[in-house]
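Per-entry structural report
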Amino acid sequence: MGDAMEMDKRAIVELAARYVCPGRVNTFKLLGTQPPVMGRREGHYFWDLDGRRLFDVHINGGTFNLGHRNPEVIAALREAVERYDIGNHHFASGPRARLAETLARLSPGDLQYTVFAASGSEANDIAIKTARRATGRRKIVSAVGSYHGHTGLCLAAGDVQNASYFLSDGAPDEFVQVPFNDLAAMEEALAPGDAAAVLLETIPATLGFPMPTPGYLPGVKALCEKYGTLYVADEVQTGLGRTGDFWAVEGYGVEPDVLITGKGLSGGIYPMAAAILSARVGDWLFDNGWGHVSTFGGSEIGCHVAQTVLEIIERPGVLANAREMSDRLGAGLEALRQRHPFLLEVRRNGLVMGLRFDHEMGGAMMTAAGYEVGLWAFFAGFERSVLQFKPGLLIRREECEELLGLVDKAISLCEERREIGAAGR
Ligand SMILES: Cc1ncc(COP(=O)(O)O)c(C=O)c1O
């Protein structure tokens, strides 16, 4: 059997196309780039097997929030495998209990119980089950263009096309979507008093990070209280310090009934996600101890890793760094916007950013151009004019300068291509 570390890129892409992900390989080709294959990885960078170094600001939606292969996270993993295995999910467990206590302490309002999951999707499914059980209602209201994962219930709560493709869209009166930032539409959906939960990404990632308008999220929370609906904050992409608050909802003054986390909780090393529930809505944990069962959810190795992740983010200066570097990058991006008409708008809350370009496929054009100049950033799937721009939490000043230089080069390349395209018409 060949060693995967020693295979060359072309062979890997061919095997992947044959056995794993033909559609994805093809999409990258259509975008005009070869599919990247990750080789070495370290800090903010990974190296494609063809040798190029890429500054990663896609970071898999926050998975590499603390950088690729953060040494402290790796040390925690090593320590964990010396002591633990996945554990038995039917038992009480030290690493699980300790991590849940830390999550309760770090979470807003009266969030108390953690139900562990192996993915953000599973955690969102837990939230939906919890809300339905707690309210006796079925309807879930989410935002048009939201993304909550690809398993059963959360798939139905997200983009309709993704769900209906697999005949997995829910009954139309069970999964209702309203435009983000539209309080009147939200009230219309909640007013009949039949909604179990509003499920909202605090800043919707796949929609290109449109920022919540002032008062929107607290307004939704007030409507939830008025109509007896629970508020579920999907913080899979926006939590864990990325906005400069520990959770993005906190910055908007909202205390959710359920908070969902994942991606970065893993330290990029061991899958880990969680639904954090208030005592009130978590009542089913008394009634029905096996109401949600997940063999790998809350693996003891993963809990030990996640504990270290939280300890790092809690350190003095880490959240302040996110805010400071955000301002620095914000100023630099604004200067680029002045010079480059192609860059129309910079959306920014901490290190959660979206760059909107003057072309309906502008974000996708930037993904391809970025790859050529050494920047890995991905466009927003439901708003392709926008490039998601998500630097890691521990970024330093000099790295911000390097990053801005790469963005400048990628935009220039897009502008050149547009000129050539226009001249050729
Ligand atoms: C906001 C949000 N929620 C949920 C998920 C699903 O997480 P996972 O891929 O771990 O199932 C994602 C994944 O991209 C996400 O961005």
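Because the structure is a prediction, the values reported are computed rather than measured. (Residues numbered from 1 in each chain as written. Predicted model: local features only at pLDDT ≥ 70, side-chain atom pairs only at ≥ 80, totals over all residues. Heavy atoms only, no water.)

This brings us to the packing of aromatic side chains. Applying the stated criterion across every chain, the model contains 12 aromatic pairs. Between Y45 and F55, the aromatic rings sit 5.0 Å apart at their centres with planes inclined by 70 degrees, giving edge-to-face as the arrangement. Taken as a pair, Y45 in strand β2 (residues 45–48) and F55 in strand β3 (residues 53–56) lie far apart in primary sequence, 10 residues in all. Relative accessible area serves as the criterion here: at 1%, F55 is assigned to the buried category. Judged by centre distance (4.8 Å) and plane angle (25 degrees), the ring pair of F378 and F379 falls under stacked. Judged by its relative accessible area of 22%, F378 falls in the partly exposed class. Members of the aromatic cluster, each reached through a chain of ring pairs, are F28, Y371, W376, F378 and F379. (Phe/Tyr/Trp six-rings, centres within 6.5 Å; stacked < 30°, edge-to-face > 60°. Helix = DSSP H or I, 4+ residues; strand = E, 2+ residues; numbered from the N terminus. Buried < 20%, exposed > 50% of the residue type's maximum accessible area, 1.4 Å probe, protein only.)

With that out of the way, let us pick up helix α14 (residues 362–373). The end-to-end C-alpha distance of α14, which contains 12 residues, comes to 16 Å, matching closely the 16 Å that a straight helix rising 1.5 Å per residue would cover. In terms of burial, α14 is a largely internal element, nine of the 12 residues being buried. All of the buried residues in α14 are G362, G363, A364, M366, T367, A368, A369, G370 and Y371. Immediately downstream of α14, the backbone of G374 shows phi near 105 degrees, a positive value. (Expected span 1.5 Å × (residues − 1).)

Attention now moves to the domain arrangement of the protein chain. In terms of domains, the protein chain is made up of domain 1 (8–69 + 316–417) and domain 2 (71–314). Look at where the C-alpha atoms of domain 1 and domain 2 centre, and you get two points 26 Å apart. Tallying the contact residues gives 32 residues for domain 1 and 36 residues for domain 2. Buried area between domain 1 and domain 2, summed over both chains or domains, comes out near 2,600 Å², and the portion from carbon and sulfur atoms is 60%. Taken as a group, R69, V352 and F382 account for 27% of the area that domain 1 buries against domain 2, more than any other trio of residues on that side. At the junction of domain 1 and domain 2, the tally comes to zero salt bridges. Run the count over domain 1 and domain 2 and you get 12 residue pairs in polar contact (both at pLDDT 80 or more). For the side of domain 1 that touches domain 2, the secondary-structure elements that each account for two or more residues are α13 (318–339), β11 (343–349), β12 (352–357) and β15 (383–389). Broken down by element, the side of domain 1 that touches domain 2 gets its largest block of residues, four residues, from α13. Residue classes in the side of domain 1 that touches domain 2 are distributed as 15 nonpolar, 11 polar and six charged. (Domains from an automatic or database assignment. Contact = heavy atoms within 4.5 Å. Buried area = accessible area lost by both parts, 1.4 Å probe. Salt bridge = Lys/Arg side-chain N within 4 Å of Asp/Glu carboxyl O. Polar contact = N/O pair within 3.5 Å; in protein donor to acceptor, adjacent residues only side chain to side chain. Nonpolar A, V, L, I, M, F, W, Y, C, P; charged D, E, K, R; others polar.)

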